[in-house]
Amino acid sequence: MAVVLLSVGVVAVAVVAGVLGADDDSTLVPPPTATERADTVPLLARAAATQGICYGWRLEDGLDVVSVGSNLGDGVAVADDPRCPRWAQVVADITYTAESSEANDYASVRIEGSADLERLDLITVDSGLDRFGLTEDAFLDDPGWAVTRAAVSLPLLLAETGAVSPAPVATAAPAAAPSPLPDAGSDLWRDRWGYFLGAAGLLLVTALLVTVGLVLRRRQRTQRAAGPARGQRRGGGTRAAGRTPERA
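Rules of the game
- Residues numbered from 1 in each chain as written.
- Predicted model: local features only at pLDDT ≥ 70, side-chain atom pairs only at ≥ 80, totals over all residues.
- Heavy atoms only, no water.
- Helix = DSSP H or I, 4+ residues; strand = E, 2+ residues; numbered from the N terminus.
- Buried < 20%, exposed > 50% of the residue type's maximum accessible area, 1.4 Å probe, protein only.
- Contact = heavy atoms within 4.5 Å.
- Areas by Shrake-Rupley, 256 points an atom, 1.4 Å probe, with all protein chains shown as cover.
- Pairing = 2+ DSSP bridges.
- Axes fitted to C-alpha atoms, helices over the stretch in contact; angles between N-to-C directions.
- Core = buried A, V, L, I, M, F, W, Y, C linked by side-chain atoms within 4.5 Å.
- Disulfide = S-S within 2.5 Å.
- Polar contact = N/O pair within 3.5 Å; in protein donor to acceptor, adjacent residues only side chain to side chain.
- Patch = residues over 30% accessible without salt bridge, like charges linked within 9 Å, V, L, I, M, F, W, Y side chains within 5 Å.
- Salt bridge = Lys/Arg side-chain N within 4 Å of Asp/Glu carboxyl O.
- Parallel < 35°, antiparallel > 145°, perpendicular 65-115°, else oblique.
- Left-handed = near helix turned anticlockwise from the far one by under 90°.
- Nonpolar A, V, L, I, M, F, W, Y, C, P; charged D, E, K, R; others polar.

Q: Whenever I open this one, the overall build of the protein chain confuses me. Can you help?
A: Scanning the protein chain for helices and strands turns up seven helices and five strands. Secondary structure elements of the protein chain, listed N to C terminal, follow the sequence α-α-β-β-β-β-β-α-α-α-α-α. Relative to its 248 residues, the protein chain shows a buried fraction of 25%. Expressed as a percentage of contacts within the protein chain between residues at least 6 apart in sequence, the contacts between residues at least 24 apart total 61%. Looking at the protein chain as shown, the accessible area adds up to about 17200 Å², and 60% of this sits on carbon and sulfur atoms.

As structure tokens, this is what we get:
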């Protein structure tokens, strides 16, 4: 009985290890997430409407198509679609190898387009993906994100080649006219305020001195007018005292 239980346990462990090993050694290419696809389609639709050219993406795993989409919608390709006489798409072919293999993982990225687009322009767009960090390592690390990111970069990169017109940039509504600034005042007063204050101080001192002078002069006149009257009264009193009585 113990031998049977031990055998069953060994088999179970081997099965679990095989399953986990298969998950860790998976060579399946993950597609873009639902959010990534939902965010990419409206951006491509806006660019297609303004530039007159369709944009899309195509993610492949060898001969298998992992994901495809465009401005026409998720799962809708632009190539050979009658609604898209002009089109451009990014095609990424990702190859993952098993851990036991000596071969390395491999990513092939190319830009395809309609016959009216110059091959040189498509090559230029392809080489411009590196500016957005869309290198081979980025496609290997997260192929779903990378292929949708490359798709939304196509309108700008293709416009730089002159093959299409630049997409218009959304501008904010014009702001209301700013209110006028308050009056800054006279430059004469602002630049020479110290002189004005000094002049005002001199005027106040002059007015004070004039007032004091007028008061003093008035007092002097009053004193001069009162001086002779007092002298006459004193003289009259003397003469009255010096008179002798008349004899009878």
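There's plenty left to go through after this.
Q: Any chance you could explain the sheet that holds strand β4 (residues 87–95) here in plain terms?
A: Spatial ordering of the open sheet is given by β3-β2-β1-β4-β5, a layout of five strands whose pairing is mixed. Each edge of the open sheet is held by one strand with a lone partner, namely β3 (73–74) and β5 (106–113). Sheet contacts for helix α2 (residues 34–51): β1 (54–61), β2 (64–70) and β3; angle to β1, the most-contacted strand, approximately 140°.

Q: Sorry, what's going on with the nonpolar core here?
A: Most often, soluble globular proteins have nonpolar side chains that are buried together. Core analysis: the largest hydrophobic core is formed by 31 residues, its most contacted members being Tyr55, Ile94, Phe139 and Leu158. Secondary structure elements with two or more residues in this core: α2, β1, β4, β5, α3 (119–128), α4 (136–141) and α5 (143–160). The leading source of residues in this core is α5, at eight residues. In this structure, Ile94 is in contact with Val29, Leu59, Glu60, Asp61, Gly62, Tyr106, Ala107, Phe139, Leu140 and Pro143, ignoring residues within four places of it in sequence.

Q: How should I be thinking about the state of the cysteines in this particular structure?
A: Note on terminology: disulfide describes a covalent bond linking the sulfur atoms of two cysteines. One pass over the structure, following the stated rule, counts one disulfide. Shown here is the disulfide that connects Cys54 with Cys84, its sulfur atoms set 2.1 Å apart. Taking the sign of the S-S torsion, -80° for the link of Cys54 and Cys84, the bridge is left-handed. Note that Cys54 is positioned in strand β1 and Cys84 in the loop between β3 and β4, a separation of 30 residues in sequence. As far as burial versus exposure is concerned, Cys54 and Cys84 are alike and both buried.

Q: Sorry, what's going on with the pairing of β2 here?
A: Regular strands place side chains that alternate from one sheet face to the opposite one. Where β1 meets β2, six bridges bridge the pair, whose relative direction is antiparallel. Looking at the pairing, Glu60 lines up with Val65 of β2. Counted along the chain from β1 to the antiparallel partner β2, the turn is two residues long, and its residue Gly62 has a positive phi close to 70°. Both β2 and β3 contribute to a ladder of two bridges, which runs antiparallel. Bridged to Gly69 within β3 is Asp74.

Q: Is there a simple way to explain the side chain of Gln51 in this structure?
A: With respect to the helices, strands and loops of the structure, Gln51 is situated in helix α2. At 2.8 Å, the side chain of Gln51 forms a polar contact with the side chain of Tyr55. Of the polar contacts made by the side chain of Gln51, one reaches the backbone oxygen of Pro155; its length is 3.5 Å. Beyond its immediate sequence surroundings of up to four residues, Gln51 is in contact with Pro155, Ala159, Val164, Ser165, Pro166 and Ala167.

Q: I'm lost on the environment of Ala88 in this one. Help?
A: With respect to the element layout, Ala88 can be found in strand β4. By relative accessible area, Ala88 is classed as buried at 1%. Along the chain, Ala88 and Pro155 lie 67 residues apart, while their C-alpha atoms are 9.1 Å from each other. Other than its neighbours up to four places away in sequence, Ala88 contacts Ile53, Cys54, Tyr55, Gly56, Val78, Glu112, Gly113, Leu117, Leu154 and Leu158.

Q: Explanation requested: a nonpolar patch on the surface in the structure shown.
A: Together, Leu208, Val212 and Leu216 give the surface a local cluster of nonpolar side chains, amounting to about 270 Å² of exposed area. Within the secondary structure, Leu216 sits in helix α7 (residues 193–242).

Q: What's the story with the packing of α2 against α5 in this structure? I'm lost.
A: To characterise two packed helices, one gives the angle between the axes of the helices and the distance between these axes. One can describe the packing of α2 onto α5 by two numbers: an axis separation of 10 Å at closest approach and a directional angle of 15°. Comparing the axis directions of α2 and α5 gives the class roughly parallel. In this structure, α2 crosses over α5, and the sense of that crossing is left-handed. Within the contact between the two elements, α2 uses Glu36, Thr40, Leu43, Leu44, Ala47 and Gln51 and α5 uses Gly144, Trp145, Thr148, Ala151, Val152, Pro155 and Ala159. In terms of residue class, the contact of α2 with α5 is made up of eight nonpolar, four polar and one charged.

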